[in-house]
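Examining the three-dimensional arrangement
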Amino acid sequence: MTGTPSLAALEIPLTSVPARRNRSGDAACGTPSPADLRFALERALDPAAAAWLSTAGERVRASAGEIASLFPAAGRSCGHGPLPGLSDWTMADAARALLLLAVPVRDDRRLAETLTCYRYGDAAERLSVLRSLPLLGLGPAAIELTEDALRTNDGRLLKAAVGPYAARHLSQPLWRHAVLKCLFTEVPLSSVAALRDRCDAPLLRMLGDLVREREAAGRPAPPDAVALLAAPPTVPPTRSGV
């Protein structure tokens, strides 16, 4: 957008990088790269919002604790509307992700601030954190946030919680139960990152039991479960972390 202040203060390259794909060819659940987010925001934000985000990024880099007040303000300052070109992401999500990325990784500051933003955030702010997790370089240290989201019945949080971060770090037993919870709450299995990569024999047995139980009760079986059972991946009897 001509005349829009640059977001260069967030120190993220402008090069647009396509969303990653996993080995089985499934899209990585719409997770963009940091460069994608900045690229999209450069074009979507008006000059005042872009200036606010640039200044906010500088403040967070100078003092990580500043994010406590800036993270909730991102929605008011940058807008809650969809971010053009990035499925499911809002402008507030992208702005919050860039603020989290501005927190230094050293001394676990980024981890601490990410946990705080989730714990004290409202549903929209928690959703932003969950969507940001694959980008933050925290390793498994923030998995408790995914586990917390999986205990809710909020479909938006569940969908974000079963993305690429869970695919990499959630234990196999909890991952299986996350898949089942998606079925019970009508979150499409297309939201589950690396579904076919992580699918194993115990999960297929659970899905078969669910389908038979529903059919015996005269109730429709979840279509996603039926589809996966009809064309299951080739899996070993169990995977690690059973």
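Our structure's up above, just so we're on the same page.
Residues numbered from 1 in each chain as written. Predicted model: local features only at pLDDT ≥ 70, side-chain atom pairs only at ≥ 80, totals over all residues. Heavy atoms only, no water.

Right, let's get into the packing of helix α5 (residues 109–119) against helix α6 (residues 123–132). Across the interface, α5 lies against α6 with an axial gap of 8 Å and an inter-helix angle of 145 degrees. Taken together, the residues of α6 that come into contact with α5 (itself represented by T114, C117, Y118 and R119) are R126, V129 and L130. Considering only residue class, the contact of α5 with α6 consists of four nonpolar, one polar and two charged. (Axes fitted to C-alpha atoms, helices over the stretch in contact; angles between N-to-C directions. Helix = DSSP H or I, 4+ residues; strand = E, 2+ residues; numbered from the N terminus. Contact = heavy atoms within 4.5 Å. Nonpolar A, V, L, I, M, F, W, Y, C, P; charged D, E, K, R; others polar.)

Tracing the backbone through its elements, the reader meets A49 in helix α2 (residues 47–62). Separated by 30 residues in sequence, A49 and G79 place their C-alpha atoms 8.3 Å apart. Ignoring any residue separated from it by four or fewer positions in sequence, one finds A49 in contact with S77 and C78.

Under the criterion given, the structure shown has zero aromatic pairs. A cation over a ring is seen here: R43 above F39, with NZ or CZ 3.9 Å from the ring centre. A cation over a ring is seen here: R126 above Y118, with NZ or CZ 4.6 Å from the ring centre. (Phe/Tyr/Trp six-rings, centres within 6.5 Å; stacked < 30°, edge-to-face > 60°. Lys NZ or Arg CZ within 6 Å of the ring centre and 35° of its normal.)

Formed by 71 residues in total, the largest nonpolar core has its most connected members in L37, L83 and L133. With nine residues, the single largest contributor to this core is helix α4 (residues 91–102). Residues contacting L83, with those up to four places away along its chain left out, are L37, A40, L41, A44, W89, T90, M91 and A94. (Core = buried A, V, L, I, M, F, W, Y, C linked by side-chain atoms within 4.5 Å. Buried < 20%, exposed > 50% of the residue type's maximum accessible area, 1.4 Å probe, protein only.)

Let us look at the packing of helix α10 (residues 172–184) against helix α12 (residues 201–216). α12 packs onto α10 with a crossing angle of 25 degrees between their chain directions and a minimal axis gap of 10 Å. Between α10 and α12, the angle falls in the class roughly parallel. The two elements α10 and α12 meet at a crossing, and its hand is right-handed. Between α10 and α12, the residues in contact are W175, R176, V179, L180, L183 and F184 and P202, L203, M206, L207, L210 and R214, respectively. Its residues assigned to classes, the contact of α10 with α12 comprises ten nonpolar, no polar and two charged. (Parallel < 35°, antiparallel > 145°, perpendicular 65-115°, else oblique. Left-handed = near helix turned anticlockwise from the far one by under 90°.)

Now for the environment of Y165. Within the secondary structure, Y165 sits in helix α9 (residues 164–169). Taking the C-alpha atoms as reference points, Y165 and A142, separated by 23 residues in sequence, lie 9.3 Å from one another. Those residues in contact with Y165, other than ones at most four positions away along the chain, are L133, P134, G139, P140, A141, A142, I143, T146 and L170. One polar contact links the side chain of Y165 to the main-chain carbonyl oxygen of G139, over a distance of 2.5 Å. (Polar contact = N/O pair within 3.5 Å; in protein donor to acceptor, adjacent residues only side chain to side chain.)

The next subject is α6. Within α6, seven of the ten residues are buried, which leaves the element mostly enclosed by the surrounding structure. Inspection of α6 places E125, L127, S128, V129, L130, R131 and S132 among the buried residues, and these make up the whole buried set. Buried positions along α6 lie against α3 (67–78), α4, α5, α7 (143–149) and α8 (155–161). Where α6 begins, the side chain of D122 points an oxygen toward the backbone nitrogen of A124, at a separation of 3.2 Å.

Taken by themselves, the reported measurements are silent on function.
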